[in-house]
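# Coordinate inspection notes
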Amino acid sequence: MASKVTFIGAGNMAGAIIGGMIESGFSPDDITATAPSDDFLAPLRERLGIRTDTDNDAAVAQSDVVVLAVKPQIMREVCEKMRDAVQARRPLIVSVAAGLPAETLEHWLGGNLPLVRCMPNTPALVGAGAAGLFANDKVDEAQRRLATELMESVGLVEWVEDEALLDAVTAVSGSAPAYFFLMFEAMEQAGVKLGLPSDTARRLAMQTALGAAKMALSSDKPPAELKRNVMSPGGTTERAIEHLEDAGLRRIMAEAMTACADRAGEMA
Ligand code: NAD
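Anyway, here's the lowdown on the structure attached to this text.

Rules used throughout
Residues numbered from 1 in each chain as written. Predicted model: local features only at pLDDT ≥ 70, side-chain atom pairs only at ≥ 80, totals over all residues. Heavy atoms only, no water. Near = heavy atom within 4 Å. Polar contact = N/O pair within 3.5 Å; in protein donor to acceptor, adjacent residues only side chain to side chain. Areas by Shrake-Rupley, 256 points an atom, 1.4 Å probe, with all protein chains shown as cover. 1 Å grid on protein atoms, 1.4 Å probe; cavity = no way out; pocket = protein on both sides within 12 Å on 5 of 7 lines; lining within 4 Å. Sits in = over half its atoms within 2 Å of the grid points. Helix = DSSP H or I, 4+ residues; strand = E, 2+ residues; numbered from the N terminus. Nonpolar A, V, L, I, M, F, W, Y, C, P; charged D, E, K, R; others polar. Pairing = 2+ DSSP bridges. Axes fitted to C-alpha atoms, helices over the stretch in contact; angles between N-to-C directions. Contact = heavy atoms within 4.5 Å.

### As for the site of the ligand
- Close to the ligand lie 22 residues, the nearest being Asn 12, Met 13, Val 70, Ala 98 and Thr 122.
- Backbone polar atom of Asn 12 to an oxygen atom of the ligand: 3.0 Å apart, as the coordinates give it.
- Val 70 is positioned such that a nitrogen or oxygen atom in its backbone is 2.6 Å from an oxygen atom of the ligand.
- Here the ligand has 840 Å² of accessible area as a free molecule, and 81% of this is covered by the chains.
- Taking a 2 Å distance to the grid points as the criterion, the majority of the atoms of the ligand fall inside the second largest pocket.
- Only α1 (12–23) and α4 (72–81) provide two or more residues apiece to the shell around the ligand.
- Among the residues forming the shell around the ligand, the class breakdown is 15 nonpolar, six polar and one charged.

Here it is in structure tokens:
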């Protein structure tokens, strides 16, 4: 029988994952989302045909997997309230909340639970996410596969075996969409300085990023080689890359990402 999955919280992240799950073949009948008021639930129910409930305990009592998808600030209260229902059922817990360690969540839920902590990123909202996952020692192989399936429905999944590495995942993918948005801003501004209309520069920059990512993902060549392939000696690309290297782009990225990972560590 298919696993029953309940999302505690029916916001952006839950909606994105549920949409992806249904597209990748999960039955809406096996999915429940909860929220304190039906106002949040009605749109999801109508759009996706899933089950909904305003009672977290009742939904948990029917579930093999419980996905924690409320804001981190209210997570403790939500977990402690449903502790008895969770302990009676002992489902796999999957958390997508930023910055809350597995042990803390497990403790709030009464302890001794299989728990997967996930660091997703916002492109999950358009089905192109990249997530790092960590499983505690109570998660079995079937539960790992199930967590992989859930998160793969909205993008790429990579497992880490040490929870502290989720801070590195935060630096490489969790916070990283913003690095590219900054790059788009900078490229648009530079394109305008060179005479292009801003819309034109913006679209060209974004499409080029998408194309470069697609090329790199579908190639067996490392990025360094792909880069060399577009740099003819004495040509235009070589001139630009020399500037970026001389200006210390690699050092700047390393410093920014170290700062990001350090901040993630402080928040956990
Ligand atoms: P959101 O505000 O869109 O959704 C939160 C949902 O929780 C709402 O539907 C709200 O009604 C519901 N809720 C509030 N109290 C509840 C309760 N007592 N019981 C059940 N549901 C309750 O938030 P979001 O952006 O979807 O974020 C959810 C989680 O995902 C957060 O922990 C966040 O850290 C994580 N996350 C989000 C993103 C993102 O791109 N949005 C990225 C990475 C991680």
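### Considering the sheet that holds strand β4 (residues 65–68)
- Strand order in the open sheet formed by eight strands is β3-β2-β1-β4-β5-β6-β7-β8, and the pairing between neighbours is mixed. The strands lining the two open edges of the sheet, one partner per strand, are β3 (51–53) and β8 (155–159). Recorded for the sheet is a direction-independent mean angle of 25° between the axes of neighbouring strands.
- As defined by bridge partners, strand β7 (residues 129–135) adjoins β8 across five bridges and the pair is classed as parallel. In the strand pairing of β8, Leu 133 is matched with Trp 159.
- Helix-sheet contacts for α1 involve β1 (5–8) and β2 (31–34), and the interaxial angle to β1 is about 160°.
- Against the sheet, helix α2 (residues 38–48) contacts β2 and β3, and its axis sits at roughly 180° relative to β3.

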